[in-house]
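Read off the chains here:
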Amino acid sequence: MDLILRLRKLLMITVERTLPLQTIDQLKWDMGLLHDYQQTLIPHYPQFFGLVRLSDDRIGLKLLHWDNQLAVSELEKNGGGYGSGHNLAFPVKFTRGFGLKRKCMAWLSEWQQLPYTSPFADPSNLDPRTDESEKRNVGVFHELLHLTITKRTERKNVSNLRKPLQLPQKFTKVFGRHPGIFYISQNCATQTVMLREAYEGPDLVRKHPLIGLREKYASLMRTGTLNMSRGLYKKVLNDDEDGGNCKLWGISEGGSDSNGLNEDYECDSDYNSLSEDDTSEEVDAQC
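Since we're looking at a predicted model, the values are computed, not measured. Along each chain, residue indices are assigned from 1 in the same order as the chain's sequence is written. For this predicted model, a pLDDT threshold of at least 70 governs which residues receive local features, and a threshold of 80 or more governs which side-chain atom pairs are given and counted, while totals over whole chains, interfaces and linings are taken from all residues. Calculation of side-chain values draws on the structure's entire complement of heavy atoms; hydrogens and water are dropped beforehand.

*Asks:* Looking at this structure, how should I read the overall build of the chain?
*Replies:* Tallying secondary structure elements over the chain gives nine helices and 11 strands in all. Across the 287 residues of the chain, 39% fall into the buried class. What counts as a helix is a DSSP run of H or I of at least four residues, what counts as a strand is a run of E of at least two, and both are numbered from the N terminus. Summary of the burial criterion: residues with accessible area below 20% of their type's maximum are buried, those above 50% are exposed, and those between are partly exposed, where the area comes from a 1.4 Å probe applied to protein chains only.

Here it is as structure tokens:
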């Protein structure tokens, strides 16, 4: 149900309560959705979701049921306010040594005292040229990043959300204008937007259970790759009576593996046609 709530709230912050499936696919890893959520998740909740054909002939996911209890942003929960008329302030964190001019600090203090517009509310009455509208834009991305399990996403993943979220042109400038709320990480030409309040140094303050599973899997893969590069694995071919079973990736003599990677895995492929000189890549390909 955690995944369903995240997906429902994502659709609730859009203007038409609808998003193209392609746009959701860009966010599904960050939101923890199954890779085949369209077939395994959506059909089981017809009371919440429906598939529609959009004006550009794409397939979109539409929210069928609005829940007022879900229409409360994370900032409203933490700030104790409900509705759009409260002057809620965003948590601000700066890195050590980061300094703002006195004029900028004064503007930030005044900006924080402006009325807070919930990302679930209709923004049509706001002038997009005002600071109050910018605070609404920041609130939308603040809520969007809270819907992700890692409180971050690649900058390109939100590029298609301008019209669904009713944002102005060049809306991603809010990330750079508010460095105390957002942090932009650039690694290998990939820009990732992170929510500062969700991190204590490099670690998440609250870690979703799915993140722990991903970290264990990544650690297992790194260990296997490292052991393979050290030559701790060897290829063992057995001609059993069944004529074709094989044991693959056994630990070589003198090697050890604390993660239990030395277990034998059975393969039903036919290896009779392989010679002793066949490379391990060929064995892997046929298995």
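Past the structure itself, the notes keep going.
*Asks:* How should I be thinking about the packing of helix 1 (residues 2-12) against helix 2 (residues 21-31) in this particular structure?
*Replies:* Axis angle and axis distance: for two packed helices, these are the angle between their axes and the distance between the axes, and together they describe the pair. Axis angles are defined between N-to-C directions and span 0 to 180 degrees, where every axis is a line fitted to C-alpha atoms and, for a helix, only to the segment in contact. Look at helix 1 against helix 2: their axes get within 12 Å of each other, and the N-to-C directions meet at 140°. By the angle between their directions, the pair helix 1 and helix 2 is classed as oblique. For the pair helix 1 and helix 2, the sense of crossing is right-handed. Contacts between helix 1 and helix 2 involve Leu3, Arg6, Leu7, Leu10 and Leu11 from the first element and Ile24, Leu27 and Met31 from the second. Among the residues forming the contact of helix 1 with helix 2, the class breakdown is seven nonpolar, no polar and one charged. Working rule for angles: under 35 degrees goes down as roughly parallel, over 145 as roughly antiparallel, 65 to 115 as roughly perpendicular, anything else as oblique. The sense of a crossing depends on the near helix, which, turned anticlockwise from the far helix by less than a right angle, makes the crossing left-handed and, turned clockwise, makes it right-handed. Contact between two residues is taken to exist if any of their heavy atoms lie within 4.5 Å; hydrogens are not considered. Think of it as three bins: nonpolar holds Ala, Val, Leu, Ile, Met, Phe, Trp, Tyr, Cys and Pro, charged holds Asp, Glu, Lys and Arg, and polar takes everything else, Gly as well.

*Asks:* Explanation requested: the environment of Ile149 in the structure shown.
*Replies:* Its place among the elements puts Ile149 in the loop between helix 6 (131-146) and strand 4 (152-154). The exposure class assigned to Ile149 is buried, which follows from its relative accessible area of 1%. For Ile149 and Trp29, which are 120 residues apart along the polypeptide, the C-alpha to C-alpha distance reads 9.0 Å. Those residues within four positions of Ile149 in sequence are excluded, and the remaining contacts are Arg6, Trp29, Asp30, Met31, Gly32, Leu204, His208, Leu210, Ile211 and Arg214.

*Asks:* What am I meant to see in the sheet that holds strand 6 (residues 190-195) here?
*Replies:* Backbone-to-backbone hydrogen bonds join strands into a sheet, with any given pair of strands oriented parallel or antiparallel. Criterion used throughout: strands pair if DSSP finds at least two bridges between them. Spatial ordering of the open sheet is given by 4-6-5, a layout of three strands whose pairing is antiparallel. What marks the edges here is a single partner per strand, and that holds for strand 4 and strand 5 (182-187). Across the sheet, the mean angle from the axis of one strand to that of its neighbour is 25°, orientation sign disregarded.

*Asks:* Would you take a moment to explain the pattern of salt bridges for this structure?
*Replies:* Salt-bridge detection follows one rule: a side-chain nitrogen of Lys or Arg within 4 Å of a carboxyl oxygen of Asp or Glu. Applying the stated criterion across every chain, the model contains 10 salt bridges. A salt bridge links Asp56 to Arg58, with the nearest nitrogen and oxygen atoms 2.7 Å apart. Under the relative-accessibility criterion, Asp56 is labelled partly exposed at 41%. On the accessibility criterion, Arg58 (30% relative accessible area) is partly exposed. The shortest N-O distance in the salt bridge between Asp127 and Arg129 comes to 3.1 Å. A relative accessible area of 73% places Arg129 in the exposed class.

*Asks:* Honestly, helix 5 (residues 102-112) in this entry has me stumped. Any pointers?
*Replies:* Helical periodicity: at 3.6 residues per turn, an α-helix aligns residues three or four positions apart in one direction. Those residues of helix 5 lying buried are Leu108, Trp111 and Gln112. Across the axial projection of helix 5, the buried residues extend over an arc of 95°, all falling on one side. In helix 5, the exposed positions angled more than 90 degrees off the buried face are occupied by Arg102, Lys103 and Glu110. Lining the buried residues of helix 5 we find helix 6. This arc describes the spread of directions from the helix axis toward the C-beta atoms.

*Asks:* What should I look at first to understand the environment of Phe48 in this one?
*Replies:* Within the secondary structure, Phe48 sits in the loop between helix 3 (37-40) and strand 2 (49-53). For the pair Phe48 and Trp66, spaced 18 residues apart in sequence, the C-alpha to C-alpha distance is 8.4 Å. Excluding residues within four positions of it along the chain, Phe48 makes contact with Ile4, Arg8, Lys62, Leu63, Leu64 and His65.

*Asks:* Explain unusual backbone geometry to me, please; I cannot follow it from the model alone.
*Replies:* The phi angle of most residues is negative, glycine excepted, and most peptide bonds adopt the trans form. Of note in the backbone geometry, Lys151 takes a positive phi value of approximately 55° without being a glycine. In this structure, Lys151 sits in the loop between helix 6 and strand 4. In this structure, Gln166 is a non-glycine residue whose phi angle is positive, near 55°. On the basis of relative accessibility, which here comes to 35%, the residue Gln166 falls in the partly exposed class.

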